[in-house]
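Coordinates in review
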Amino acid sequence: MSDARSGIPIENTNVTNLETGTTWTTDAGGSCRITVSDNGRLSISHVSFQDTIVQVASALRPIHVALYPLELNVVEVYADQPFNRKAALGVNRVSLPFLTASPSFLGEPDILKGLTFLPGVTDGKEGYSHLFVRGGNQDQNQILLDGATMLNVNHFGGYISMFQPELVGGVDFYKNYWPSEFGGWLSSVLDIRTKEGNYKEHHQSFQFGLVAPKFSASGPLATDKLSYRIGMRRTIVDLATGAVARKIRRGDRSGDVGNLFTQDLTVRLDGRLGNNQHLSLTALHARDRHSFLERYPLYNQLSEDNYGINNEVLALNYKANLGMSTSLRGHASYSNYKHFYDAYSKGDDGPNYGGMEHNSLETSSVIGNSVSSIKFNVHGKTHFNNSLALHYGIEREEFDYRISLNRSQAVDGEITRDYNQSMETTDISNTAFSVDILYRPGNRFQINSGVRLSRYSYGKYATLLPEPKILLTYQLNDRSTINAAFNIQRQSTMLLGFTDDIGRFREFYISNDGISALSQSRQWSLGYFRNPVGLLDNMSVELFFKDQSDVVKFVPSTDFDKDVVEYSSFLHRNGRLRAYGLEVFLQKTTGKLHGSLSYTYAKSQSVFGSLNGGNWFDSDFDFRHSVNYLMMYNFGRGYRLSGAWTYKTGRPFTVPTSTAEIGNWRSTFPIMEGLNNMRLPAFHRLDINIERRWKTRRGNTRWFGVGVYNVYNRVNPFFAQPSDIPGKLEVTGMFPVMPSFNIGFEL
């Protein structure tokens, strides 16, 4: 299936054999295999395209169908296929309109933010928006961009991700069962696919807003054979603050200033190598630089703090159809993630009281972390008939991890302290074989079962990691489905994560060093999915239980950076994480009024023999109750009013419960009776947005929008510490009420 206007394949198209009633859904390449007799008829439907009926002259041949888009100026649809059918795949195949429709930070729609409106998914704290899935940690999610491995995918602290919605073609999110071609991570899989370029016409679009202007373009390099798609955006605040920062750095100005620079560039090329072969190349370059400078000549003081992130991805994908029943996919990719913290200060080591001598003190510290991946895989799919299909593949991925710290101190120009240390692991690989069987013993019952067997090696250390899984699905009727799933996952990547003394969460990634066993997760889930008749058209209720073993926790001392490099002394091993919960999802996806409501109860606890006296404690991001409410109303000529309200229980953290004096020391020392012994205040926020989209006489789209973030100015906790009043907290927020706008147009 393809779009008649652009030639781009159409995913999630329902193809139904009108004789038997069997329905299959097209994949990312717009294809599916379905059995039909000679002169049989197929019904083809998609929420964004006109319905089509095709009569098949011969059953043993490929059929290419071009669909014409619907004009959805009045009625918007926020789901791609019947909700209960997704249960058969164990996948949340989230529609892009749903992911980008919610009000967003400073008017910039974001894929990752949209996922947090699903039950079982939270985004951490404000100003740090990673994914936390079903009580798991942020490092337990496999994130793929066109098959390439990515780690930290957020810009400037997590306010927006590096994935521009205009360039995304499909998003598959798995949290209870996923195909065995994915593996090596404990909690979830986020598979993001960029959009193919237009094979017939050239299109360009521009958007301007408070965050970053952006530009995208798509079109043919050779009509119907070769296409391109490109998107770029860049913040503009540094055009003003950057000039001030340079003056402070040169000494031409005193005071302080913060500076921010963020950009990303995504390019995709697609080529059709005949009727049955396709080749694509995707490249991503993303960069962040945040800095804060201070210069006060009166105190002979200069200080500068910098934080930077670099992400680079290059992914090559090949697809081929070998006859009517078998297809193959080949993949090769390189990805590299880097980040650094840089702190520099120069000044006097104390005030000059009464002519007292003092010295010039200069300190510098740079700590960085980098992770690179080189991956190759080949995966195949064979359909024997409508009841039996086999998926199989082989993969090889090699990793390099590096952490380094360079620190120096000089008094009156002479170095008095120097520390240079690095930790590099380059001989790391994972070789995996995977196979999945899809079997339908009847029209209502389906079994998905698979196993991934990988060999992890690090130097002379090597171990086999089996990851078996099974999903049982039973369709009660045309509108209701139940399923039950069990899977075992293994993970080699470890996170050195901690909150520093000013409330920032800092993260460093390393690989398992062979001292402790690799982490393992066992998850059970049970779900009921229904397409009701009436006001609601989607609903689900799911129960889950997750038991993770051999997890690690990094607890540094007061010298954070040095402890990261010497992590082995501060890494608590052989831990266990236990999470269980209930997820409820209600949704209305069609008509002028759209709404969704998700509720999650999730309890997540951890235990380590070397921490908290060996007793269980609430996990760092244990959000016990989470509620997300989204409402959108379409009216007038292309107007849409949207509002989103988010609530989650305050996360736990550790505070001293008392103090003690030791010997003749005049200082007191804090005493903690237990880890995560207090919770931050609850988080809740309301965002609203109104926008209008319309088409010109030439068929080009125009749009504008205004929004308000944190409408009722809630002070949500970014950082908290005990106040002078016993039992009270001093809470520091991150974002007050903030207006935004965006305006854009196509050429």
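Here goes a summary of the coordinates provided.

1. Quick word on the packing of aromatic side chains
A complete count under the given rule lists 21 aromatic pairs for this structure. With a centroid separation of 6.4 Å and an interplanar angle of 10°, the aromatic rings of Phe498 and Phe508 are classed as stacked. A residue pair is termed long-range when its members are at least 10 positions apart, and Phe498 in strand E29 (residues 493-499) and Phe508 in strand E30 (residues 505-511) qualify at ten residues. Accessibility classification places Phe498 together with Phe508 in one group, the buried group. Seen from their ring centres, Trp645 and Tyr647 are 6.1 Å apart, and the 20° between their planes marks the pair as stacked. Given the relative accessible area of 27%, Tyr647 is considered partly exposed. Taken together, the aromatic side chains of Tyr307, Tyr341, Phe498, Phe508, Phe554 and Phe560 make up a single cluster linked through ring pairs. One residue, Arg272, lies across the ring of Tyr199, its end atom 3.7 Å from the ring centre. Lying over the aromatic face of Phe623, Lys648 brings its terminal NZ or CZ to 5.0 Å of the ring centre.

2. Quick notes on helix H4 (residues 238-250)
Here H4 contains 13 residues, and its C-alpha end-to-end distance of 17 Å stays within 8% of the 18 Å for a straight helix at 1.5 Å per residue. All of the buried residues in H4 are Asp238, Thr241, Gly242, Val244, Ala245 and Ile248. Considered in projection along H4, the buried side chains sweep an arc of 165° and stay on one side of the axis. Exposed residues on H4 whose side chains face more than 90 degrees from its buried face are Leu239, Ala240 and Arg250. Tucked inside the fold, the buried residues of H4 contact strand E18 (226-234), strand E19 (255-272), strand E20 (277-296) and strand E21 (301-322). Directly after H4, the chain includes Gly251, whose backbone phi takes a positive value near 90°.

3. Quick look at the pattern of salt bridges
Here the structure, examined in full by the defined rule, presents 32 salt bridges. Of the charged contacts in the structure, one is a salt bridge between Arg268 and Asp146, with a shortest N-O distance of 3.8 Å. In this pair, Arg268 sits in strand E19 while Asp146 sits in the loop between strand E10 (141-145) and strand E11 (148-150), placing the two residues 122 residues apart along the sequence. In this structure, Arg268 and Asp146 share a single accessibility class: buried. One connected set of salt bridges, linked through shared partners, spans Arg134, Lys175, Glu542 and Glu583.

What counts, and at which threshold
Residues numbered from 1 in each chain as written. Predicted model: local features only at pLDDT ≥ 70, side-chain atom pairs only at ≥ 80, totals over all residues. Heavy atoms only, no water. Phe/Tyr/Trp six-rings, centres within 6.5 Å; stacked < 30°, edge-to-face > 60°. Helix = DSSP H or I, 4+ residues; strand = E, 2+ residues; numbered from the N terminus. Buried < 20%, exposed > 50% of the residue type's maximum accessible area, 1.4 Å probe, protein only. Lys NZ or Arg CZ within 6 Å of the ring centre and 35° of its normal. Expected span 1.5 Å × (residues − 1). Arc of directions from axis to C-beta. Contact = heavy atoms within 4.5 Å. Salt bridge = Lys/Arg side-chain N within 4 Å of Asp/Glu carboxyl O.

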